[in-house]
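Each chain is listed here by its residues.
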Amino acid sequence: MSRKSRRIAGAVILGVIVGLVATACGAGSSSDGAEVKWAFNLPTSWDPVTSRTGNDINTISLAYASLTRLDAEGNVEPSLAETWKYNADGTAVTFSLRDGLTFSDGTTLDSQAVKAFFDRGKTQGDSFLRDQLAGVTEVTADSATDVTLHLADADYQIPYLVAGRTGAIASPTAAADPQKLSVWPVGAGPFRITDFVAEDHAYFEKNPDYWDAENIHIDHFELSVAPDPATLVAGVQSGSIDFATLPALQSKEAEAAGLDVTVKPSLAANDVSINLNKAPFDNPKVVEAFRYAFDRQAFVDVITNGLGSTTSQPFPDGYLAFNPEIEKLWNYDPDKASRLLTEAGYAPGQLSIEITAQSAATNRAELVQSQLKKVGVESTIKVVPPGSSTWQSEVYIAKNPQLATDGTIGRESPVQNLLAVYGPEGIMNLSGPHASPEFTAALDAVRRTPLEDPQYKPRLWQAVKVGVEQSPTNYLFSNPWIIVSNPDLKNLNILPSQVRWEGVTVS
């Protein structure tokens, strides 16, 4: 676990001496020299402006701090910004930054730096923040610490929006070379990078200038690409991994090995994405048939080992945006699916499609394949090779698949998530730019509603319902975080939207 702990016999005497000196001086702590090795994914880009997926927030937030952040209950709390305030009609929000903030390259983090970040997010050609910032008409630096986002219309989601990648402020000095920033992050987060090898690892050290540095008890952090899931438990046992996301079916194996297994709620929702722009899904009857073709409970039982729950929307049961009315729309009915396919002109066995799947999640694709077989649809599975951006290039950018097994997580605002999965420029909208006017209007109504307004929840539920009904994509199940970790790692900080490292200690 810690570097000290791995220096065995020859260092024991020196360790005792150092420990005695530290104790005598009243200095030091059990976390001195603490190191954590996390097997996960590398981000699609280390620049928040060109990062492509919601899942990237888990790794982006190692190097970057956002304007705000979410607490364990999903409420917005201060981060780089100590306070924020809307004007009377909700068309401008002013964030007041902490004093004395700096980026890891020494650049001052002030209102001008925040303005430069949002301006770049709106204008840079390869920005993936443009749709999220579309309603921001202007950013003004009102003083050294006050920065205001001026909006085309009232939008009370902004404090949530800037709690994630959209508000992860990068150094304007480093942003002068966007290509370098995409592989070498320069933020004001908990850690600063020391080494990076693409598709392999990124190493970090604690950033003493992070505004919340007193809650960071890890001195060295190693992020690496997760190995084959079958080797994760052995990796943690050997000490080559301290922390990893575990397939549900391996949780018993990890517990039997004496490792800690932590199950926490997440915002993950998994789907079968369908492309309206590709035959046969340009036929509404086929789209309707697929509504009834999937046994959601089977996905919960097989993929999450019973730890997840069914869902027909891009949110898990229990989350504010989860609309229970939607769960009644399309029950599993393979006979009805078969009849609808016949009406569409496809007798059993006549329709064949290609299922696109990630290499680490082929079991989901195989279950989709078996359920489609029951309604008379033949299929083949195309596996996208592993890599930090191969899936994003094939599915999110090129939108090549007819049908893909996918999932969403890591977006702090429900409106932001709806925009990503159903919006005309939504990165996960495989049928883009398809999005009904009714959906975008419903989304606007949510933005204009203050969160404390009694109408906020009904309008949010209505937007979710309209979004689900106008999209051909079928959400199937949600899964919790299932984490295997070295027992020496304590006080894990696993939020529904992301993993954070404030408060985590190494014993």
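Residues numbered from 1 in each chain as written. Predicted model: local features only at pLDDT ≥ 70, side-chain atom pairs only at ≥ 80, totals over all residues. Heavy atoms only, no water.

Going by what an unreviewed UniProt entry lists, the chain is known as Putative ABC transporter substrate-binding protein and is assigned to Rhodococcus opacus.

Here the focus is the sheet that holds strand S14 (residues 309-310). Reading across the sheet, the six strands line up as S14-S18-S13-S17-S15-S16 and stay open at both edges, with mixed pairing between neighbours. Each edge of the open sheet carries a strand with a single partner, namely S14 and strand S16 (377-384). Pairing of strand S13 (residues 269-274) with strand S17 (residues 403-408), which is carried by six bridges, proceeds in the antiparallel orientation. Within S17, the residue paired with Ile274 across the bridge is Leu403. Across the face of the sheet, helix H12 (residues 362-374) comes into contact with S13, strand S15 (351-358), S16, S17 and strand S18 (474-478) while running at roughly 170° to S16. (Pairing = 2+ DSSP bridges. Helix = DSSP H or I, 4+ residues; strand = E, 2+ residues; numbered from the N terminus. Contact = heavy atoms within 4.5 Å. Axes fitted to C-alpha atoms, helices over the stretch in contact; angles between N-to-C directions.)

Turning our eyes to something else, we now look at the packing of helix H14 (residues 414-422) against helix H16 (residues 456-470). Running from N to C, H14 and H16 cross one another at 10°; their axes reach a closest spacing of 11 Å. As judged from the angle between their axes, H14 and H16 are roughly parallel. Only Tyr456, Leu460, Ala463, Val464, Gly467, Val468 and Gln470 of H16 make contact with H14, whose side of the interface consists of Pro414, Leu418 and Tyr422. Its residues assigned to classes, the contact of H14 with H16 shows eight nonpolar, two polar and no charged. (Parallel < 35°, antiparallel > 145°, perpendicular 65-115°, else oblique. Nonpolar A, V, L, I, M, F, W, Y, C, P; charged D, E, K, R; others polar.)

Further remarks concern the domain arrangement of the chain. The domain boundaries assigned to the chain delineate domain 1 (35-182) and domain 2 (269-478). Spacing between the C-alpha centres of domain 1 and domain 2 amounts to 29 Å. Regarding the contact of domain 1 and domain 2, the summed buried area is about 2000 Å², with carbon and sulfur atoms giving 57% of it. It is Arg52, Tyr156 and Gln157 that lose the most area in domain 1 upon contact with domain 2, and together they represent 31% of the buried surface on that side. (Domains from an automatic or database assignment. Buried area = accessible area lost by both parts, 1.4 Å probe.)

In space, the seven strands of this open sheet follow the order S8-S9-S10-S1-S11-S19-S12, with mixed pairing throughout. Both edges of this open sheet fall to strand S8 (191-197) and strand S12 (260-264), since each of them pairs with a single strand only. Shown here is a sheet whose adjacent strand axes are inclined to one another by a mean of 20°, direction ignored. Pairing of S8 with strand S9 (residues 201-206), which is carried by six bridges, proceeds in the antiparallel orientation. Along S9, the bridge assignment pairs Val197 with His201.

The next point concerns the pattern of salt bridges. On inspection of all chains with the given rule, the structure shows 15 salt bridges. The partner of Asp155 in a salt bridge is Arg447, and the shortest N-O contact between them spans 3.8 Å. Pair noted here: Asp155 is in the loop between strand S7 (146-151) and helix H5 (158-161) and Arg447 is in helix H15 (residues 437-447), with a separation of 292 residues, a long-range link. Glu394 is the salt-bridge partner of Lys382, the closest N and O atoms lying 2.9 Å from each other. Highlighted residues: Lys382 in strand S16 and Glu394 in helix H13 (residues 390-397), separated in sequence by 12 residues. Salt bridges sharing partners connect three or more residues here, namely Arg69, Glu77, Asp212, Arg500 and Glu502. (Salt bridge = Lys/Arg side-chain N within 4 Å of Asp/Glu carboxyl O.)

Next up on the list: H14. With respect to burial, H14 is a largely interior element, nine of its nine residues being buried. Taken together, the buried positions of H14 are occupied by Pro414, Val415, Gln416, Asn417, Leu418, Leu419, Ala420, Val421 and Tyr422. Among the structural elements, H5, S17, H15, H16 and S18 are those in contact with the buried residues of H14. Regarding H14, its N-cap is Ser413, as a side-chain oxygen of that residue lies 3.2 Å from the backbone nitrogen of Val415 further along. (Buried < 20%, exposed > 50% of the residue type's maximum accessible area, 1.4 Å probe, protein only. Polar contact = N/O pair within 3.5 Å; in protein donor to acceptor, adjacent residues only side chain to side chain.)

Next up on the list: the environment of Glu394. The buried category is assigned to Glu394, whose relative accessible area is 17%. In this structure the C-alpha to C-alpha distance between Glu394 and Val261, which are 133 residues apart in sequence, comes to 33 Å. Apart from the residues lying within four places of it in its own chain, the contact partners of Glu394 are Lys382, Val384, Lys399, Asn400 and Pro401.

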